[in-house]
Amino acid sequence: MHAVLIDDHFAAWRAASLEALNRGLAPETIEWRVKTAPESLPESPQTLALFECHEPREVAPSPTRGVQVSKELAALLQDAALFRDPQRWAFLYKVLWRWQHGDRTVASPADADGARLHRMAKSVRRAKHDMIAYVRFRRQTAAAPTPEYIAWYEPAHDVLRWAAEHFSQRMGRSTWMIATPHGAAFWDGDQLHLEQRRALPDEHRGNPEDDAEALWLAYYRSTFNPARLNQAALEQHMPVRFWKGLPEAHLIPTLISAAKSGAQRVAQAGSVGALDGKSIPVEAEFAQPAREPPSSLDRCRRCELWRHATQAVGGSGPGDARIMLIGEQPGDQEDLAGQPFVGPAGQLLDSAIARAGLLRAQLYLTNAVKHFKWEPRGKRRLHKTPGQQEIAACGYWLERELLAVRPAVIVALGATALNALLQRKVSLKDYTGAPFEAAGGWAIATWHPSFALRQQSDASRDKVLDEIGNALMRARRLADELLAPNTQTQRDHPQG
Ligand code: URA
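Per an unreviewed UniProt entry, the protein is named Type-4 uracil-DNA glycosylase, and its organism is Paraburkholderia bryophila.

If you want it as structure tokens, here you go:
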């Protein structure tokens, strides 16, 4: 009998299985063991530590290098590997062994093992779906909490990592934690950290204090802010002689030493850099060169919206477009795709563009604000109107786009776009009648397509779309007029 000792995840099992298959070890000759606390698993002479993997991210599509499995079986194995059952690794190895020995029926639901494999995978897929659907984040109430959102969830299988990766792509740079009885996931705005509770030996199973403690440690580690470390105050508030009674005590020296060896400086850099400071006149020859503006939209920190967005969404379209359309800000889908107007408002805009006899490919589409501003509502991210300060901060980018594209006509879609264009707060209805001068050229204002989305009846939705279509048609004619040769006088006095 061989004992195979692995970390409790698919990548470790896959590597160990490859090794075992290469050695020709039949399933019934292997006892699969999962690593727990070191003292609970003394290495016996026949223990065969085939593989130690600490990197569960690295999951290749096929389970081993030496074994070719079908795509379908690979997917089944990966899902079934998340099924909570202490026998899962032995069972999956049996499946792989049979497959490698030419027994393809093992992947069929008509086979007893195949049926079990399909059941396991199906149950895991359900658990994945449920976790995405039912996790509820709550915003913490303190002024600057870390993480900003927390959720408690009890998944039926080991789908925490999978779900956490899903949320890390959806929640932008907001910090959050999902705690489960088996571990926790933290998103620090940039990276995902997983704290898996190791499977406990039987005598320790079912002790709720262990669960709470694992979570507390994970939470403590994630909220320890090296930028704010004040060791003297820490030791004063929590005298060292009491540390031995605290579950988190063993973490503290490591966290302090990491803070001292650089983490503190790195963590403080953002807030120190953001300080206004005091201006001190200096001789020009001693002055530092003026600080470069952000070199790319992606690195823009001119307001706080970047924190919660997946990415900045710049404009798109020909660099010499005659007409530029300005929307408000990217929505949920634009935030994920990195492109303006690809969601439901974009579809309505497309139909208005078509009504005007234009093609999207001829237009330059952009937004007044380049990061998605939203608030959580259940598992959805609800659009939130950007504030005047955010519009003003993002004006920097709009101005650069206007200078680069130099459109003959600008169409402001909605009040936010209009405010951004005119750089002051105005009322949309005062501008919808006729073309007006803006940004050194001519502009037209109309409804934002999402206003059509909000209409209750088809008739009123159609009416709004018609009005947007008409405005675009006017923009087209005006651009034709302005750009026709010998029309300098018209340029000065367009007909609208
Ligand atoms: N609404 C906007 O204003 N812009 C987009 O890109 C999408 C929706």
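A few words now on the pairing of strand β8 (residues 192–196). Two strands pair when backbone bridges link them, and strand β7 (residues 183–187) and β8 are joined in this way by 5 bridges, in the antiparallel orientation. Bridge pairing links A185 to L194 in β8. What sits between β7 and β8 in their antiparallel hairpin is a turn of 4 residues, with G189 showing a positive phi close to 100 degrees.

Here the focus is the site of the ligand. Every residue near the ligand is listed here: G327, E328, Q329, P330, G331, E334, P340, F341, A345, N367 and H448. At a separation of 2.8 Å, an oxygen atom of the ligand approaches a polar backbone atom of F341. Its free accessible area being 230 Å², the ligand has 93% of it covered by the protein chains. Taken together, the residues that form the shell around the ligand break down as 4 nonpolar, 5 polar and 2 charged.

Spatial strand order, β4-β5-β6-β7-β8: 5 strands in an open sheet with mixed pairing. Edge positions in the open sheet fall to β4 (138–139) and β8, since each of these has one partner strand only. Bridge count between β4 and strand β5 (residues 149–152): 2 bridges; the pairing is antiparallel. For R139, the partnering residue across the bridge sits in β5 and is Y149. On the sheet, helix α5 (residues 160–170) packs against β6 (176–180), β7 and β8 and is oriented at approximately 160 degrees with respect to β6.

This next bit is on the pattern of salt bridges. Taken as a whole and assessed by the stated rule, the structure comprises 28 salt bridges. Measuring nitrogen to oxygen at the nearest pair gives 3.5 Å for the salt bridge that ties D462 to R355. Of this pair, D462 sits in helix α14 (residues 458–483) while R355 sits in helix α10 (residues 344–355), placing them 107 residues apart in sequence. The salt bridge partner of R377 is E375, with a shortest N-O separation of 3.7 Å.

Along the polypeptide, K373 turns up in the loop between β10 (364–367) and β11 (374–377). Judged by its relative accessible area of 15%, K373 falls in the buried class. Sequence-distant contacts of K373, defined by excluding residues within four places in its chain, comprise L305, Q329, L382, H383, K384, T385, P386, G387 and E390.

What follows is about helix α2 (residues 71–80). In an α-helix, one turn spans 3.6 residues; hence positions three or four apart end up facing the same way. Buried within α2 we find L73, A74, L76, L77, D79 and A80. The inward-facing, buried residues of α2 abut α1 (10–22), α3 (88–100) and α4 (112–134).

Our focus in this paragraph is unusual backbone geometry. For Q423, which is not glycine, the phi dihedral falls at a positive 60 degrees. On the secondary structure map, Q423 appears in the loop between α12 (415–422) and β14 (436–438). In this structure, A439 is a non-glycine residue whose phi angle is positive, near 50 degrees. Considering the arrangement of structural elements, one finds A439 in the loop between β14 and β15 (441–446).

This part is about α5. Turning to α5, its buried residues number three or more, namely L160, A163, A164, F167 and S168. Taken around the axis of α5, the buried residues stretch over an arc of 140 degrees, which confines them to a single face. Next to the buried residues of α5 lie α4, β6, β7 and β8. Looking one or two residues past α5, G172 carries a phi angle of roughly 55 degrees, positive in sign.

Moving on, we get to the packing of α2 against α3. Axis separation between α2 and α3 bottoms out at 10 Å; the angle between their running directions is 170 degrees. On the basis of the axis angle, α2 is roughly antiparallel to α3. Here α2 and α3 pass one another in a crossing that is left-handed. Contacts from L73, L77 and A80 of α2 reach α3 at R88, L92, V95, L96 and W99. Looking at the contact of α2 with α3 residue by residue, the class counts come to 7 nonpolar, no polar and 1 charged.

Right, let's talk about the packing of aromatic side chains for a bit. One pass over the full model with this rule turns up 10 aromatic pairs. On the numbers, 6.4 Å between centres and 45 degrees between planes, the contact of Y93 with W97 is tilted. With Y93 and W97 both in helix α3 and 4 residues apart, this pair spans about one turn of that helix. With centroids separated by 4.9 Å and ring planes inclined at 75 degrees, the aromatic side chains of Y431 and F436 adopt a geometry described as edge-to-face. For the pair Y431 and F436, one class covers both residues: buried.

Attention now moves to the nonpolar core. With 56 residues, the main nonpolar core has W13 and W176 as its most contacted residues. When residues of this core are assigned to their parent elements, the largest contribution, 8 residues, is made by α3. Two domains each donate at least three residues to this core, and these are domain 1 (2–130) and domain 2 (135–204). When sequence neighbours within four positions are dropped, the list of residues in contact with W176 reads F137, P147, Y149, A164, F167, S168, M171, A185, F186, W187 and L192. Ranked by size, the runner-up nonpolar core spans 33 residues in total, among them L297, L402, V405 and A412.

Reading guide: rules and limits
Residues numbered from 1 in each chain as written. Predicted model: local features only at pLDDT ≥ 70, side-chain atom pairs only at ≥ 80, totals over all residues. Heavy atoms only, no water. Pairing = 2+ DSSP bridges. Helix = DSSP H or I, 4+ residues; strand = E, 2+ residues; numbered from the N terminus. Near = heavy atom within 4 Å. Polar contact = N/O pair within 3.5 Å; in protein donor to acceptor, adjacent residues only side chain to side chain. Areas by Shrake-Rupley, 256 points an atom, 1.4 Å probe, with all protein chains shown as cover. Nonpolar A, V, L, I, M, F, W, Y, C, P; charged D, E, K, R; others polar. Contact = heavy atoms within 4.5 Å. Axes fitted to C-alpha atoms, helices over the stretch in contact; angles between N-to-C directions. Salt bridge = Lys/Arg side-chain N within 4 Å of Asp/Glu carboxyl O. Buried < 20%, exposed > 50% of the residue type's maximum accessible area, 1.4 Å probe, protein only. Arc of directions from axis to C-beta. Parallel < 35°, antiparallel > 145°, perpendicular 65-115°, else oblique. Left-handed = near helix turned anticlockwise from the far one by under 90°. Phe/Tyr/Trp six-rings, centres within 6.5 Å; stacked < 30°, edge-to-face > 60°. Core = buried A, V, L, I, M, F, W, Y, C linked by side-chain atoms within 4.5 Å. Domains from an automatic or database assignment.

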